[in-house]
Amino acid sequence: MLDQRPLIEARGMAVGYRGGPLVLEDVTLAVARGQRVGILGPNGGGKTTLMRAVLGELAPRRGVLSVRGRCGTVPQTERSRLDYPVSALDVVLMGVIGRGPWWRRPGRADRGEALAVLERVSLAEHARVTFGELSGGQRQRVLVARALLQDADVVLFDEPFTGMDAPSAARLMGLIDLLATEGRAVLVATHDVGQTLAWDAVLCLNGRRVAFGPPADTLTEDVLRATYGHALVRLPSGGTFAVAAHA
Ligand SMILES: Nc1ncnc2c1ncn2[C@@H]1O[C@H](COP(=O)(O)OP(=O)(O)OP(=O)(O)O)[C@@H](O)[C@H]1O
Ligand SMILES: [Mg+2]
């Protein structure tokens, strides 16, 4: 029988870096299969830190966190990594490493599968292109393909829309929907409050959990104020809020 328990569950979780203070406290949430969760918060609010905890890179200092299933990650873009002469196909094939025993090197069947997932993100013809030569939007899609190959139950996106043009963003929104339709849980850190309205839940972070729940009920003016503080401005159109400064 299918395991109905949430893929991610946190209760009163607090996280910090080695030797430093807690940077995230009081995080309670449950994320089920098929859910798309937007993670909102100011710069330094703890979005990336939360993802690192889910990935098992940081252990909770207080409270509990349980993650059932495999995680795939699409990290916040690091320009320094773009110099490596690896192809899009190589980057996707790295997903195989997390899937099998450590001694198993990617073989012909894996390459076939890697090409198939590149096809799903409409990048099969870019398989041989060097990762660093792809556009930001294409790189994100290569990383989505890697998560597909990993057969990740939980897929984490850290600000994937930053610097992306509208067509690429629309395409990535579609891929996020696809991942969720396949029964994966998808967590997306973003600075775009409006974008999260299309998803199933929103987690507002500002050094602690400010709120968690369905976006339409959760994103009240009070919650947005507590999340963004002074960075929050009212748009001239009235009624709508936007985040003033972000990365
Ligand atoms: N490797 C690290 N070592 C120590 N402290 C860190 C480390 N990474 C982040 N922090 C601290 O943890 C806090 C939360 O940072 P985090 O990167 O999670 O924020 P964020 O919400 O992802 O911000 P951004 O929108 O800028 O990406 C910040 O105060 C930051 O200085
Ligand atoms: Mg971050």
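- Per an unreviewed UniProt entry, the recorded name for the protein is Metal ABC transporter ATP-binding protein, and the organism is Solirubrobacter ginsenosidimutans.
- According to UniProt, the comment filed for the protein under the heading Sequence similarities (unreviewed entry) is "Belongs to the ABC transporter superfamily."

### Some points on the sheet that holds strand β5 (residues 71-74)
Point 1. The sheet built from six strands is open, its strands ordered β5-β6-β7-β3-β8-β9 with mixed pairing. Of all strands in the sheet, those with a lone pairing partner are β5 and β9 (209-213), marking the two edges. In this sheet, neighbouring strand axes are inclined to one another by 15° on average, regardless of whether the strands run parallel or antiparallel.
Point 2. Where strand β3 (residues 36-40) and strand β8 (residues 201-205) come together, four bridges link them in parallel fashion. Counterpart to L40 in the pairing with β8 is C204.
Point 3. Relative to the sheet, helix α1 (residues 47-54) contacts β3, β5, β6 (154-158), β7 (185-189) and β8, its axis offset from that of β6 by approximately 155°.

### Thoughts on helix α5 (residues 166-181)
Point 1. Between its terminal C-alpha atoms α5 stretches 23 Å, which fits the 22 Å expected from 16 residues at 1.5 Å a residue.
Point 2. All buried positions along α5 are accounted for by S168, A169, L172, M173, L175, I176, L179 and A180. All buried residues of α5 project into a common sector of 165° when viewed along the axis, lining one side. Exposed residues on α5 whose side chains face more than 90 degrees from its buried face are A166, P167, A170 and T181.
Point 3. On its buried face, α5 sits against β3, α3 (108-120), α4 (136-150), β6 and β7.
Point 4. Count one or two residues on from α5 and you reach G183, which has phi positive near 90°.

### Let's talk about the site of ligand 1
Point 1. Around ligand 1, a shell composed of 13 residues is seen, among which G44, G46, K47, T48 and T49 lie nearest.
Point 2. In this structure, T48 approaches ligand 1 through a side-chain N or O atom, which is 2.8 Å from an oxygen atom.
Point 3. Side-chain polar atom of E159 to an oxygen atom of ligand 1: 3.1 Å apart, as the coordinates give it.
Point 4. Broken down by element, the shell around ligand 1 gets its largest block of residues, three residues, from α1.
Point 5. Of the residues that constitute the shell around ligand 1, the class distribution is three nonpolar, eight polar and two charged.

### Things to note about the pattern of salt bridges
Point 1. Under the defined criterion, the tally for this structure stands at ten salt bridges.
Point 2. For R120, the salt bridge is made with E182, and the minimal N-O distance between the two is 2.3 Å. Within this pair, whereas R120 is found in helix α3, its partner E182 is found in the loop between α5 and β7, the two being separated by 62 residues in sequence.
Point 3. According to the relative accessible area criterion, R120 is partly exposed, its value standing at 40%.
Point 4. Through salt bridges that share partners, R120, D151, E182 and R184 make up one connected network.

### Description of unusual backbone geometry
Point 1. Residues other than glycine seldom take positive phi values, yet D26 does so here, at roughly 60°.
Point 2. Looking at where D26 falls in the secondary structure, it is placed in strand β2 (residues 22-31).
Point 3. Given the relative accessible area of 51%, D26 is considered exposed.
Point 4. The phi angle at D151 is positive, at roughly 55°, despite the residue not being glycine.
Point 5. Tracing the sequence through the fold places D151 in the loop between α4 and β6.
Point 6. For D151, a relative accessible area of 43% corresponds to the partly exposed category.

### Comments concerning the sheet that holds strand β4 (residues 62-67)
Point 1. Judged by pairing direction, the sheet is antiparallel, and its three strands sit side by side in the order β2-β1-β4 without closing on themselves. The outermost strands of the open sheet, each flanked by one partner alone, are β2 and β4. Averaged over all pairs of adjacent strands, the angle between strand axes in this sheet comes to 25°, irrespective of strand direction.
Point 2. One ladder, built from five bridges, connects strand β1 (residues 8-16) with β4; its direction is antiparallel. When the sheet's bridge partners are listed, R11 is paired in β4 with V64.

The rules behind these values
Every residue gets a number counted from 1 within its own chain, in the order that chain's sequence is written. The lettering of chains begins at A and the numbering of ligands begins at 1, in the order of writing. Two thresholds apply to this predicted model, a pLDDT of at least 70 for residue-level local features and 80 or more for giving and counting side-chain atom pairs, whereas whole-chain, interface and lining totals are computed over all residues. Where side-chain values are given, they derive from all heavy atoms of the structure, hydrogens and water being excluded. UniProt positions are given in the numbering used here, feature names are shortened, and annotations may be inferred rather than shown by experiment. We call two strands paired when DSSP finds no fewer than two bridges between them. Numbering of helices and strands starts at the N terminus; helices are DSSP runs of H or I of at least 4 residues and strands are runs of E of at least 2. Interaxial angles span 0 to 180 degrees and are taken between N-to-C directions of axes, which are lines fitted to C-alpha atoms, for helices over the stretch in contact. Working rule for contacts: check all heavy atoms of both residues, and any pair within 4.5 Å makes them a contact. Here, expected helix span is obtained from the residue count minus one, scaled by 1.5 Å. With a 1.4 Å probe rolled over the protein chains alone, any residue whose accessible area is under 20% of its type maximum counts as buried; one over 50% counts as exposed, and the rest are partly exposed. Our arc is simply the arc of the directions from the helix axis toward the C-beta atoms. Here a residue is considered near a molecule or strand provided that any single heavy atom belonging to it is located within 4 Å of it. Any pair of N or O atoms that falls within 3.5 Å is considered a polar contact. Within protein, one atom must be able to donate a hydrogen and the other to accept it, and sequence-neighbouring residues count only if both atoms are side-chain atoms. Note on residue categories: nonpolar means Ala, Val, Leu, Ile, Met, Phe, Trp, Tyr, Cys or Pro, charged means Asp, Glu, Lys or Arg, and polar means any other residue, Gly included. Basic side-chain nitrogens of Lys or Arg form a salt bridge, by our definition, when they fall within 4 Å of a carboxyl oxygen of Asp or Glu.

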